[in-house]
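Coordinates in review
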Amino acid sequence: MAVDVVELKKVLARRVSGVAVVTTRAGDVIHGMTASAFTEVSLVPPLVLVCAEKSANTHPVIAQGGVFALNLLAHDQAALSNRFASKRDEDRRFAGLDYETGITGAPLLAGTVATLDCRVRAAHDAGDHVIYVGEVVDVRRSEREPLVYLDGGYRLLSRSE
Ligand SMILES: Cc1cc2nc3c(=O)[nH]c(=O)nc-3n(C[C@H](O)[C@H](O)[C@H](O)COP(=O)(O)O)c2cc1C
């Protein structure tokens, strides 16, 4: 029997994740979306992956440009996460934002926990998503605390010890 998708979504919502804005560039076009389906893959060579829904506009821009940056959001950047997840004002997601251009040409957002600037090394078809594996060509980090996502909401980390 097929797995109940609603039940599956509820289960996956219980997975604690960080939140990133995946930014990308193809020529003069820059784009970005909020993503939590990203992870480290390899240290040597340095590889990470992000899963982009096929219906997301970010997907064809990554496919065409061959680059992406993972901007790992900090605890006080929930508004940025919402901005890059919303379809409203999609063309104005970068308006008024503080960002610079990375080595790959992808926008690197200010105030994040870290950024991983990547060139696409592989793209794997995976159901309704495409898995983009990127080679990290530049990293930046701060000492900021990360934004955490769980059960459809943002959380703040606290130390247990
Ligand atoms: C916390 C959070 C995590 C998300 N993670 C992903 C993800 O990993 N992959 C994805 O394709 N969409 C993810 N989304 C949804 C996209 O951000 C959303 O569909 C966005 O509007 C896509 O923009 P685009 O069509 O301009 O690419 C997430 C949304 C939120 C709020």
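Residues numbered from 1 in each chain as written. Predicted model: local features only at pLDDT ≥ 70, side-chain atom pairs only at ≥ 80, totals over all residues. Heavy atoms only, no water.

Close to the ligand lie 19 residues, the nearest being His31, Thr58, Ala85, Lys87 and Glu90. Residue Thr34 places a main-chain N or O atom 2.8 Å away from an oxygen atom belonging to the ligand. Ala37 is positioned with one of its backbone polar atoms (N or O) 2.9 Å from an oxygen atom of the ligand. Protein burial of the ligand: of its 650 Å² of free accessible surface, 86% is covered by the chains. With respect to the pocket detection grid, the ligand is positioned in the largest pocket. (Near = heavy atom within 4 Å. Polar contact = N/O pair within 3.5 Å; in protein donor to acceptor, adjacent residues only side chain to side chain. Areas by Shrake-Rupley, 256 points an atom, 1.4 Å probe, with all protein chains shown as cover. 1 Å grid on protein atoms, 1.4 Å probe; cavity = no way out; pocket = protein on both sides within 12 Å on 5 of 7 lines; lining within 4 Å. Sits in = over half its atoms within 2 Å of the grid points.)

With that settled, the discussion passes to the side chain of Glu90. Mapped onto the elements of the fold, Glu90 is located in the loop between helix 3 (78-85) and strand 7 (99-101). The charged side chain of Glu90 is buried without a salt bridge, its nearest counter-charge being Arg93 at 4.2 Å. The residues contacting Glu90, other than those within four sequence positions of it, are His31 and Asn57. (Helix = DSSP H or I, 4+ residues; strand = E, 2+ residues; numbered from the N terminus. Buried < 20%, exposed > 50% of the residue type's maximum accessible area, 1.4 Å probe, protein only. Lys, Arg positive; Asp, Glu negative; His and termini not counted. Salt bridge = Lys/Arg side-chain N within 4 Å of Asp/Glu carboxyl O. Contact = heavy atoms within 4.5 Å.)

For the rest of this paragraph, the subject is the state of the cysteines. For the coordinates displayed, the defined rule picks out zero disulfides. Just so you know, Cys51 is unpaired, no disulfide at all, and the nearest cysteine sulfur is the one on Cys118, 13 Å from it. Owing to a relative accessible area of 0%, Cys118 belongs among the buried residues under this scheme. (Disulfide = S-S within 2.5 Å.)

Note on pairing: side chains with opposite charge can pair once their charged atoms come close. By the definition in use, this model includes eight salt bridges. Note that Asp125 is salt-bridged to Lys54, the shortest N-O span being 2.7 Å. Separated by 71 residues along the polypeptide, Asp125 in strand 9 (residues 114-126) and Lys54 in the loop between strand 5 (47-53) and helix 2 (58-65) bring together distant segments of the chain. On the accessibility criterion, Asp125 (61% relative accessible area) is exposed. In this structure Lys54 comes out as partly exposed when scored by relative accessible area, which is 33%.

In this structure, the largest pocket spans a volume of roughly 1,200 Å³. What lines the largest pocket is a set of 35 residues, among which Thr34, Ser36, Ala37, Glu53 and His129 lie closest to the centre. Contributing elements (two or more residues each) for the lining of the largest pocket: helix 1 (5-13), strand 3 (29-35), strand 5, helix 3 and strand 11 (148-150). For the lining of the largest pocket, the per-class residue count stands at 16 nonpolar, eleven polar and eight charged. Volume-wise, the second largest pocket comes out at about 190 Å³. Around the second largest pocket sit Phe38, Thr39, Glu40, Ser42, Leu43, Pro46, Leu47, Val48, Leu70, Leu72, Leu116 and Val136, which together line it. Elements with a contribution of two residues or more to the lining of the second largest pocket: strand 4 (38-42), strand 5 and strand 6 (67-72). Broken down by element, the lining of the second largest pocket gets its largest block of residues, four residues, from strand 4. Residue composition of the lining of the second largest pocket, by class: nine nonpolar, two polar and one charged. (Points joined across faces, edges and corners; volume = space filled by probe spheres on them. Nonpolar A, V, L, I, M, F, W, Y, C, P; charged D, E, K, R; others polar.)

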